[in-house]
Amino acid sequence: MHYLTTYGINVIGAIIILILGKIGAGIARRIVTRVLRKSNTDASVISFVAGLAYTLVLVFAVLAALAKFGVQTTSFIAVLGAAGLAVGLALQGSLANFAAGFLLLVLRPFKTDDYIDAAGVSGSVKEIHLFTTTLVTPDNIKIIVPNSKIFADTIKNFSAYDIRRLDMVFGIGYGSSIEKAIEVLQDLLKKDPRILAEPELQIVVAELADSSVNLFVRPWVKKTDYWDVKFDFTHAVKKAFDQNDIEIPFPQRTIHMVNP
């Protein structure tokens, strides 16, 4: 009767601990979810962290329930730790991708639809997962990159800011007027409403190259207009230079013949 009473109390105590643990795990999950949503954290991170909080509270409750029956939880935890270490070593690469993916989702160096250059590839970001990131190139090729490679590399985000500077180089012949060429370029820039007034644009004589005098033209545009302005302006410069007799030279080399 004594044993029945003792074990009965332990069973009831263990059941109560498990019930309270399950309730506490649910509360922990809801609190973590609410807090992360208020901070605009990515849905994947919210799901993972909330699930992790739920599991940790539940594991703690199970260990407490086992302790009611006199189970040595210290040994049990040691076995779990050894098993976790073995699994971690076996999945070292996957865990590195997972950790990098988690940090990418939390730190957000880029987001969906941003155009980036990272891990030796460039493209628009389509999906960010915990293990991989999917990019799509301008010619519509799908690239799946492990997150550990992205996080370990330099990340260039071309879409991070609303405006970008166009860096263009136009070469004119040494016999052409630099002042006239700059005047033509300024007129074309003023006529294009997509060119921003601020920050101030630049037109400078940058190089006296082998076959040409190179002018650097650096206007600022909205990121959505970048490529359209670049292509349209290059086309307009060729037509305007032709109309104003400004030479765009071919590569040239002068050869002096010596008569022996």
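Structure's up top.
Before going into details, it helps to say that this report is about the structure given with it. Predicted model only: the values in this text are computed from it and were never measured.

**Examining the layout of surface pockets**
Step number 1: As a volume, the largest pocket reaches approximately 310 Å³.
Step number 2: Looking at the largest pocket, the residues that line it are Y115, P138, F158, S159, R164, K223, T224, Y226 and W227.
Step number 3: Taken together, the residues of the lining of the largest pocket sort by class into five nonpolar, two polar and two charged.

**Focus on the pattern of salt bridges**
Step number 1: Under the criterion given, the structure shown has eight salt bridges.
Step number 2: Close ionic contact of D192 with R194 constitutes a salt bridge, the shortest N to O distance being 3.1 Å.
Step number 3: Residue class for D192 comes out buried when judged on its relative accessible area of 12%.
Step number 4: For R194, a relative accessible area of 24% translates into the label partly exposed.

**What about a positive patch on the surface?**
Step number 1: On the surface, a cluster of positive charge is contributed by K22, R29, R30, R34 and K38.
Step number 2: Its location among the elements puts R29 in helix α1 (residues 2-38).

**Side note on the pairing of strand β2 (residues 121-128)**
Step number 1: Direction of pairing for strand β1 (residues 115-118) relative to β2: antiparallel, over a ladder of four bridges. In the strand pairing of β2, A118 is matched with V121.
Step number 2: Where β1 folds back on β2, the antiparallel hairpin that results is connected by two residues, among which A119 adopts a positive phi of roughly 55 degrees.
Step number 3: Of the pairings in the sheet, the one linking β2 to strand β3 (residues 132-136) comprises four bridges and is antiparallel in character. Within the sheet, the bridge partner assigned to S124 lies in β3 and is V136.
Step number 4: Between β2 and β3, which pair antiparallel in sequence order, lie three residues.

About the thresholds
- Residues numbered from 1 in each chain as written.
- Predicted model: local features only at pLDDT ≥ 70, side-chain atom pairs only at ≥ 80, totals over all residues.
- Heavy atoms only, no water.
- 1 Å grid on protein atoms, 1.4 Å probe; cavity = no way out; pocket = protein on both sides within 12 Å on 5 of 7 lines; lining within 4 Å.
- Points joined across faces, edges and corners; volume = space filled by probe spheres on them.
- Nonpolar A, V, L, I, M, F, W, Y, C, P; charged D, E, K, R; others polar.
- Salt bridge = Lys/Arg side-chain N within 4 Å of Asp/Glu carboxyl O.
- Buried < 20%, exposed > 50% of the residue type's maximum accessible area, 1.4 Å probe, protein only.
- Patch = residues over 30% accessible without salt bridge, like charges linked within 9 Å, V, L, I, M, F, W, Y side chains within 5 Å.
- Areas by Shrake-Rupley, 256 points an atom, 1.4 Å probe, with all protein chains shown as cover.
- Lys, Arg positive; Asp, Glu negative; His and termini not counted.
- Charge placed at Lys NZ, Arg CZ, Asp CG, Glu CD.
- Helix = DSSP H or I, 4+ residues; strand = E, 2+ residues; numbered from the N terminus.
- Pairing = 2+ DSSP bridges.

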